Amino acid sequence: MLSRSFVRLRPRAHQFYFGQDRIVMATASNGFIHKNTEEGLFVHETRLLSHYRVTINGAEPTPIALSKVAEHTWHGYYAVEALSLSPTPTNASVEAFLDTPDMGSGMMEALSENTLELRISRFIGSNVHEDLDLTNHSFHPIRFQLAIELDADFADLIETRRPRIQHGVCTRQFVPIALDAWELVFNYRASHADKNLERGLNLRIHRTPTEPRAEDNKIIFDITLNPHETWHCCFDYMPILELDLSPKNTRSAYQCYAFDTTNTLMDQRRIEFLERATICTTHNHSVLTPIVEQATRQATEDLISLRLHDLDVDETSWTLAAGHPQYVALFGRDTLTTAWQAAMLDTGMLTGTLTRLAQLQGTVVDNWRDEEPGRLLHEAHTGPLEILNYNPRERYYGSNTTSALFPMALSSLWHWTGDKKLVQKFIPTALRALKWLDQYADLDGDGLYEYLSRSSQGTKHQAWKDSPTAMVYANGHIAEPPIATCEEQGFAYMSKYTMAELLWSLGDPDTARRLFREAASLKQKFLDAFWMPDENFLAMALDEDKNQLRSIASNAGHCLATGIIDADMARPIADRLLADDMFSGWGVRTLSSQHPAYNPFSYHRGSVWPVENGTFTLGFFRYGLFDHAHKLSKAIFEATDLFESNRLPEVFSGHPRNSHHPFPAFYPHTCAPQAWSASAIFSLIQSLCGFYPYAPLKMLVVDPHLPDWLPEIRLTNLKVGQATATIHFFRKENGASDYYIEQLDGPLHVVRQPSPWSLTASTTERLSDAFSSFLPHH
């Protein structure tokens, strides 16, 4: 097999995209925005700039080196042959170079030896700041025309890939606003179904020695530069949105050359989060350990880079977008999954996400939005099609998953913080979500949970896998709703089970008993309906007639993690998930490669989702399947080494890891950074270190089982309740794992025990581990 040392994969390699908050800029590989493409400057899912190109004397400069600098900044070097901009060279050596071009090893060109350099620097904050810099690196004066072509179309993000639906009126005006500043103003108005949309873009041109002029769709500068002379101009792109969506100020958050700026509000909150967050380090230098450390660092940075500042609850409580460049919006299940998987970093994401979703909980029956009382949000978008009500996604509820995950996430917040006052305010929302499950999601009254959209534009499949072709029979035929999927039963079971534990702790034993009984009843009904004895596996789903969808798929892995299966079913399920047809070598596929509907590129019929795999490792550890967890975790960490910056993308292909496939492909429109791909990394870490917080008792349970490829890892700034700890986990010569408390501030008992949720730990094992907790430094 070929060495992978040179493999560095970047999703959407034909594009650059970078962003912050609600703004994303997506350009072609040359840094420009081409007409009639998916490129553009997007603000609140609206394409403001639809065309951007720089020309010098009518020709595009040659790109030399272009790259993101940070997730919200970008820089590009371009060059133009300066000789072409001056009719007569004034230096004899230049004339000689033209007459006798280099034919030697250097193969020097006039472009490199007599260069007009263009540098473009971009910074995204509350607005976009762009620096244009020119330097004449030639031997002679040059005179030329610099033109920036610009256009705006205010298309919805969806309309960049689908036919245009909304058609408004766009105007443009170029006006001087000061002696040395000018503005190009775009205004757009559209109406539909008694809804109005007014958005705009103000492009401010300033800090330039040359007065610009506007011709058609161009801003033009006539420039003369002597040898080594420089020229500079600032462009500030200021979006104009509805009052409740507009940035808090019109001045750009970043000014010239702000690559090292740390004094904006967004920078400060990013830095504060990174200082609060748990840090994962390792001093071992085996092959994978530096990759683990780099992957955890990148995942931490990715999470804060996706912060939606307009939805901040306070400085430390916040929520985030699902991913760049496509999902810059609030998604219920995505943010809940991200927040609980990454809770070891910091619980601010959990608090912020629970707060915002509670505020948007369904209150009425609204078929257009698939809204029902108690149902929790699936997605909330701010693009033109949503604001104008062409589709219901401005506030759309078509997911069963969010309502089932909310109580689980709330329980996680309780375990990490032990903050009764904080958790108490979310209890009514969680109970209403569980009531919605019983009242509206059990469509036929059999005690299992189905989904069926009532909206004319609703999401067809409203479970974990929500693409239109995700649910398939064993013969490859697509199943039609109503459908009950196996993982949604697991989510509901876990929610009732954890809410029972939480309510018992908070002094509501009656409700706790009821939910515990309901969870036990659901588990038995689930096993009777979904278990396939001949396959030793779970059916993917049940159709309307309660026939099993006997497809071998990843859905069953979630049932391991939620604990809805019996202990003797765990190993057969885990073995099947890691069999060759399900395990690609880089992760567990969404669908068996032996299935008639398998497609390694498909969104849910053969691809690999890091977020699922992170959850599966938690399930393996829950049932004591440590070898399975080691194998899967190793594959995912090895996969991070394939991707640029050790960043896991949203989803990648299910091609097998073999001599024919030295690396997997991407799902064509995969996002990176993606919130729940980043959080999946911390599920792996939590599994391998085997820790389980229970802040109400000032306790951290640990049960490490480190593999030989990760013989040690240190967690610094790990917070449980009011305590902060630094714990060093390590593997001993005999293969067993242990831990060492290097620092502890605040009240915390660190106890060696299998997780309280373990379904395989024996009494003897628990007693032995408990006694070991009293050893020195434990």
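Residues numbered from 1 in each chain as written. Predicted model: local features only at pLDDT ≥ 70, side-chain atom pairs only at ≥ 80, totals over all residues. Heavy atoms only, no water.

Novice: Looking at this structure, I do not really get the sheet that holds strand 27 (residues 723-731). What am I missing?
Specialist: The strands that make up a sheet are held in pairs by hydrogen bonds between backbone atoms, and each pair lies either parallel or antiparallel. Taken in spatial order, the 4 strands make up an open sheet running 16-26-27-28, and their pairing is antiparallel. Every other strand in the sheet has two partners, leaving strand 16 (279-281) and strand 28 (737-745) as the edge strands with one partner each. Pairwise comparison of adjacent strand axes, ignoring direction, gives a mean angle of 20° for this sheet. Bridge analysis of strand 27 against strand 28 gives 8 bridges, and the strand direction is antiparallel. What sits directly across from F730, in strand 28, is D738. (Pairing = 2+ DSSP bridges. Helix = DSSP H or I, 4+ residues; strand = E, 2+ residues; numbered from the N terminus. Axes fitted to C-alpha atoms, helices over the stretch in contact; angles between N-to-C directions.)

Novice: Would you mind showing me how to read the sheet that holds strand 29 (residues 749-752) here?
Specialist: As summarised here, the arrangement of the 3 strands in space is 24-25-29, forming an open sheet in which the pairing is mixed. Unpaired on one side and paired on the other, strand 24 (691-694) and strand 29 mark the two borders of the sheet. Between one strand and the next, the sheet's axes are offset by a mean angle of 20°, whatever the strand orientation. As defined by bridge partners, strand 24 adjoins strand 25 (residues 699-702) across 4 bridges and the pair is classed as antiparallel. Within the sheet, the bridge partner assigned to F691 lies in strand 25 and is V702.

Novice: What is the right way to look at the nonpolar core in this model?
Specialist: In this structure, L410, I565, I573 and F620 are the most contacted members of the largest nonpolar core, which totals 159 residues. In this structure, I142, A152, A190 and F235 belong to the second largest nonpolar core, which totals 55 residues. (Core = buried A, V, L, I, M, F, W, Y, C linked by side-chain atoms within 4.5 Å. Buried < 20%, exposed > 50% of the residue type's maximum accessible area, 1.4 Å probe, protein only.)

Novice: I would appreciate a short explanation of the pattern of salt bridges in the present structure.
Specialist: Any two side chains of opposite charge can pair, given that their charged atoms come close. Within the structure shown, the criterion is met by 45 salt bridges. Between R8 and D641 there is a salt bridge, and its shortest N-O distance comes to 3.6 Å. Residue R8 is found in the segment before strand 1 (15-20), and its partner D641 is found in the loop between helix 16 (626-640) and helix 17 (675-689); the two are separated by 633 residues along the sequence. Between R213 and E215 there is a salt bridge, and its shortest N-O distance comes to 2.9 Å. Its relative accessible area of 29% is what places R213 among the partly exposed residues. According to the relative accessible area criterion, E215 is partly exposed, its value standing at 37%. Taken together, the shared-partner salt bridges connect K68, E71, D302 and R647 into one network. (Salt bridge = Lys/Arg side-chain N within 4 Å of Asp/Glu carboxyl O.)

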